[in-house]
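Here's the letter readout for the chains.
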Amino acid sequence: MSLLDIKNLTLEIDLASGWVKALDKINLVINEGQIHALVGESGSGKSIIVKAIVGALPDRWRVTADRMTWRGQDLLTMSASERRKVIRNDISVIFQNPKNSLDPLLTLGEQIKELVPTYRLESFWFWQRAAEREKIAIELIHKVGIKDHKLCMQSYPHQIANDVCQKFMIAMALVSEPKLIIADDPTRGMEVTAKSQILKLLSRVNQVRKLSVLFVSHDLLAISSMAHYMTVLYCGQTVESGKMLQLRKRALHPYTQALLDSAPSFRKELPPKSPLSSLDGTIPTLQHLPIGCRLGPRCPRARKECVVVPAVRRVHEHYYSCHYPLHWDKK
Amino acid sequence: MTDLINVENLTFVNRRKKARLFSSAKNFELGPINFSLKAGETLAIVGANGSGKSLLAKLLVGLEKPASGHISLNGDVLTKFNQRQRCFNVRMIFQNSNESLNPGITLGGILDEPLRLNTDLNLLQRAAKIEQTLQQVGLMPEHQFFYRHMLSDGQRQRVALARALILNPQVLVADEPFAALDPSVRSQIVNLLMNIQRDLGLGFIFISHNLGIVRHISDKIIVMKGGKIIEAGKTEVIFNWPKEEYTQKLVHTHQALINRQVT
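Heads up: these notes are all about the structure in this document. Fair warning: this is a prediction, and the values are worked out from it, not measured in the lab.

A count of helical and extended segments in chain A gives eleven helices and 13 strands. Computed over C-alpha atoms, the radius of gyration of chain A comes to 21 Å, within 12% of the 20 Å expected from 2.2 N^0.38 for 331 residues, which places it in the range of a compact globule. If one aligns the C-alpha atoms of chain A with their principal axes, the spans along those axes are about 70 × 50 × 40 Å. Among the 331 residues that make up chain A, the fraction classed as buried is 42%. Counting only contacts in chain A whose residues sit at least 6 apart along the sequence, the fraction spanning at least 24 positions is 64%.

Take the pairing of strand 4 (residues 68-73) of chain B next. Residues and elements named next belong to chain B. Pairing between strand 1 (residues 5-13) and strand 4: five bridges, direction antiparallel. Its bridge partner lying in strand 4, valine 7 is registered against isoleucine 71. Here two bridges tie strand 4 to strand 5 (residues 76-77), and the two strands are oriented antiparallel to one another. Residue serine 72 lies in a different strand from strand 5, and its bridge partner there is valine 77. From the end of strand 4 to the start of strand 5, which pair antiparallel, there are two residues, and asparagine 74 there has a positive phi angle of about 55 degrees.

Attention shifts here to the packing of helix 3 (residues 107-118) of chain B against helix 4 (residues 123-136) of chain B. Residue and element names in this part refer to chain B. Here helix 3 crosses helix 4 at 120 degrees, and the two axes come no closer than 10 Å. Where helix 3 crosses over helix 4, the handedness of that crossing is right-handed. Contacts between helix 3 and helix 4 involve Gly108, Leu111, Asp112 and Leu115 on the former and, on the latter, Arg126, Lys129, Ile130 and Thr133. In terms of residue class, the contact of helix 3 with helix 4 is built from three nonpolar, two polar and three charged.

Attention now goes to the interface of chain B and chain A. With 32 residues of chain B at the interface, the matching set in chain A holds 35 residues. Of all the secondary structure elements, the ones that give two or more residues to the side of chain B that touches chain A are helix 5 (153-165), helix 6 (183-200), helix 7 (211-217) and helix 9 (245-259) of chain B. With nine residues, the top contributor of residues to the side of chain B that touches chain A is helix 6 of chain B. Grouping the constituent residues of the side of chain B that touches chain A by class yields 14 nonpolar, 13 polar and five charged.

We now examine helix 1 (residues 46-54) of chain A. Residues and elements named next belong to chain A. Summarising burial for helix 1: seven of the nine residues are buried, a large majority. Every buried residue of helix 1 is listed here: Lys46, Ile48, Ile49, Val50, Lys51, Ala52 and Ile53. Looking one or two residues beyond helix 1, the residue adopting positive phi is glycine 55, at roughly 70 degrees.

Take the environment of B:Pro114 next. All names here are of chain B. Structurally, proline 114 can be placed in helix 3. By C-beta crowding, proline 114 is classed as partly exposed, having 16 other C-beta atoms within 10 Å. Between the C-alpha atoms of proline 114 and phenylalanine 178, which are 64 residues apart in sequence, the distance is 24 Å. Not counting residues within four places of it along the chain, the set of residues in contact with proline 114 comprises Arg163, Ile166 and Leu167.

All names here are of chain B. For strand 8 (residues 203-207), the tally of buried residues reaches five of five residues, placing the bulk of the element in the interior. The alternating pattern of strand 8 places Gly203, Ile205 and Ile207 on one face and Phe204 and Phe206 on the opposite face, and all of these are buried. Bridge analysis of strand 7 (residues 171-175) against strand 8 gives five bridges, and the strand direction is parallel. Across the sheet, leucine 172 pairs through a bridge with phenylalanine 204, a residue of strand 8. Handedness of the crossover joining strand 7 and strand 8 through helix 6: right-handed.

In this section: the nonpolar core. Soluble globular proteins: nonpolar side chains tend toward being buried together. A:Ile182 and A:Phe215 are the most contacted members of the largest nonpolar core, which totals 90 residues. Top element by residues in this core is helix 7 (residues 162-174) of chain A. It accounts for nine residues. Sequence-distant contacts of A:Phe215, that is, excluding residues within four places in its chain, are made with A:Ile35, A:His36, A:Ala37, A:Leu38, A:Ala183, A:Ile223 and A:Ala227. If you look at the next biggest cluster of nonpolar residues, it comprises 66 residues, including B:Val7, B:Leu139, B:Ala162 and B:Ile207.

A few words on unusual backbone geometry. Despite not being glycine, A:Asn8 shows a phi value in the positive range, around 50 degrees. One can find A:Asn8 in strand 1 (residues 2-15).

For the rest of this paragraph, the subject is helix 9 of chain B. All names here are of chain B. Here helix 9 spans 21 Å end to end across 15 residues, near enough to the 21 Å set by a 1.5 Å rise per residue. Considered for burial, the residues of helix 9 that qualify are Thr247, Leu250, Val251, Thr253, His254 and Leu257. Across the axial projection of helix 9, the buried residues extend over an arc of 155 degrees, all falling on one side. Relative to its buried face, helix 9 has exposed residues pointing more than 90 degrees away, namely Glu245 and Asn259.

As a further point, take the sheet that holds strand 7 of chain B. All names here are of chain B. Spatially, six strands are ordered 6-7-8-3-9-10 in an open sheet, and the strand pairing comes out mixed. The sheet is open, and its two edges are formed by strand 6 (90-93) and strand 10 (228-234), each paired on a single side. Here the strands of the sheet are splayed against their neighbours by 15 degrees on average, with no regard to which way each runs.

All names here are of chain B. The four strands lie next to each other as 2-1-4-5, forming an open sheet whose pairing is antiparallel. Edge positions in the open sheet fall to strand 2 (29-37) and strand 5, since each of these has one partner strand only. Sheet topology places strand 1 next to strand 2; six bridges connect them, and they run antiparallel. Across the sheet, residue asparagine 6 finds its bridge partner in strand 2, namely serine 36.

As a further point, take the packing of helix 5 of chain B against helix 6 of chain B. Residue and element names in this part refer to chain B. Relative orientation of the contacting elements helix 5 and helix 6 amounts to 20 degrees, with a least axis distance of 10 Å. Judged by the angle between their axes, helix 5 and helix 6 are roughly parallel. Of the two possible hands of crossing, helix 5 and helix 6 adopt the one that is right-handed. Side by side, helix 5 and helix 6 meet where Asp153, Gly154, Gln157 and Leu165 of the first sit next to Val185, Gln188, Ile189 and Ile196 of the second.

Let us look at the environment of A:Leu211. Residues and elements named next belong to chain A. With respect to the secondary-structure elements, leucine 211 resides in the loop between helix 8 (192-209) and strand 9 (212-217). Taking the C-alpha atoms as reference points, leucine 211 and alanine 302, separated by 91 residues in sequence, lie 40 Å from one another. When neighbours within four sequence positions are excluded, leucine 211 is seen to be in contact with Lys179, Ile181, Val205 and Asn206.

Conventions adopted
Residues numbered from 1 in each chain as written. Chains lettered and ligands numbered in written order. Predicted model: local features only at pLDDT ≥ 70, side-chain atom pairs only at ≥ 80, totals over all residues. Helix = DSSP H or I, 4+ residues; strand = E, 2+ residues; numbered from the N terminus. Rg over C-alpha atoms; globule rule 2.2 N^0.38 Å. Buried ≥ 20, exposed ≤ 12 C-beta atoms within 10 Å, placed from the backbone. Contact = placed C-beta atoms within 7 Å. Pairing = 2+ DSSP bridges. Axes fitted to C-alpha atoms, helices over the stretch in contact; angles between N-to-C directions. Left-handed = near helix turned anticlockwise from the far one by under 90°. Nonpolar A, V, L, I, M, F, W, Y, C, P; charged D, E, K, R; others polar. Right-handed = clockwise from strand over helix to strand, strands pointing away. Core = buried A, V, L, I, M, F, W, Y, C linked by C-beta atoms within 7 Å. Expected span 1.5 Å × (residues − 1). Arc of directions from axis to C-beta. Parallel < 35°, antiparallel > 145°, perpendicular 65-115°, else oblique.

And the structure:
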């Protein structure tokens, strides 16, 4: 059963030049117990999708969707307080920069204890509750692999190393026993060993607790090591989505192929110091979005038809939107 | 062939913070560090956070003063008396290219500064040099009238590179030049750096966490931990036969990340 089902999510932002579609018909389905990766470069709207899911967008932006449901409940039509309740209980977000998203004036212990929901406390008397909160917090901190819980709970966010902070954020996300964890670029700027620890932790949480994870990142190496399913975004459009293995074996969209080619680790036959293949240009800004397929100006296979937005096509469970996908050459 | 840059027994002790009576905080000590680099070679510095990688880069360009040891360029020891030579020949690309560019002046102004301070070129010659360097890194001459906020990440990185290249240096030191870049832009910058290195015969020293790129473009690797070099050698050797425990862990995790397939 799908947990989160988003169909044709469109977000319009009011700029000086008029309303601009920051997200254009995004489709995203997250099933239970699945690690879903959302890949895209900066400015492709990954973080905006995360914010749209949890409802943290400014009111003046227009969000429309054909369908945006959380386990059958429609998220867009429900009242703000109801939505808040759903998100409090079922969805946790690990934000991009752990140090900036924690309160600098409170110790980490205070912050995690504050988050423990009352229904998890079993003791009847109020004076026992503080101790119980602490117990739950310490348990979680141990679970994410921080050994010295005392030091961690007593310190302020600035006193802690970045990767420990990230683990602590995961512990905080687990406090409310959610069904879905959204990890927004959790491995940014980390070295390999710390990164692989965080990834292992997330996949373990996924296996042990049957949690779904929406993993937002642009680090393909990290993603391909753990995700089951991948959606590629470019400039607010879903470009391709499908099973990780299929996508890596045979990407259909030129952009996905370019992303895969840009990581030298994937290509063992590549001689050292040879030029990497890359797309020309950079991501366009919101003020200067091209019409039709937004990859158009950078795409090596672009033709006349690409000024029309390509419809979503499907090969088995593999969705892509391109007028001239890569597998057409081989015919 | 003599070494382009040669570092011998370089050490550094952080003396700024006064140790209080009861504080257990120890001063950070770097070194001793030894390595050498030939023209046209690429050296990668790998290590955990807080292992002194950035500090080593700063020592190389002269932003920090070493406690002992010396750095020699083409056989000449760099001291405060030949600061000018160092300014010309060892240039740095900073970690955060976005914040290392002055938001208040145009790119032309940013690129003009090193020329004005270090050379005797007149206005016209400087303008010509700026245009030429901008084109060299794949930007247009019109970009000199732009401000920082008008550019994308990749373009900013190109400007940082242009600022480093404008004095025709022999050594380029870069502190995480690819970390903030997106994959497709990152390959562009990697290609650009490799092309420029091939054309100009630069020695290139860079710090990176991305072992895939390190393996791809570097000739030699230094692995640092806790301020010490724990392993150094050719890229192929380090990746295939790592000796130290920490290096083994690093390489194996990297390999595991590549090979791990989800079924």
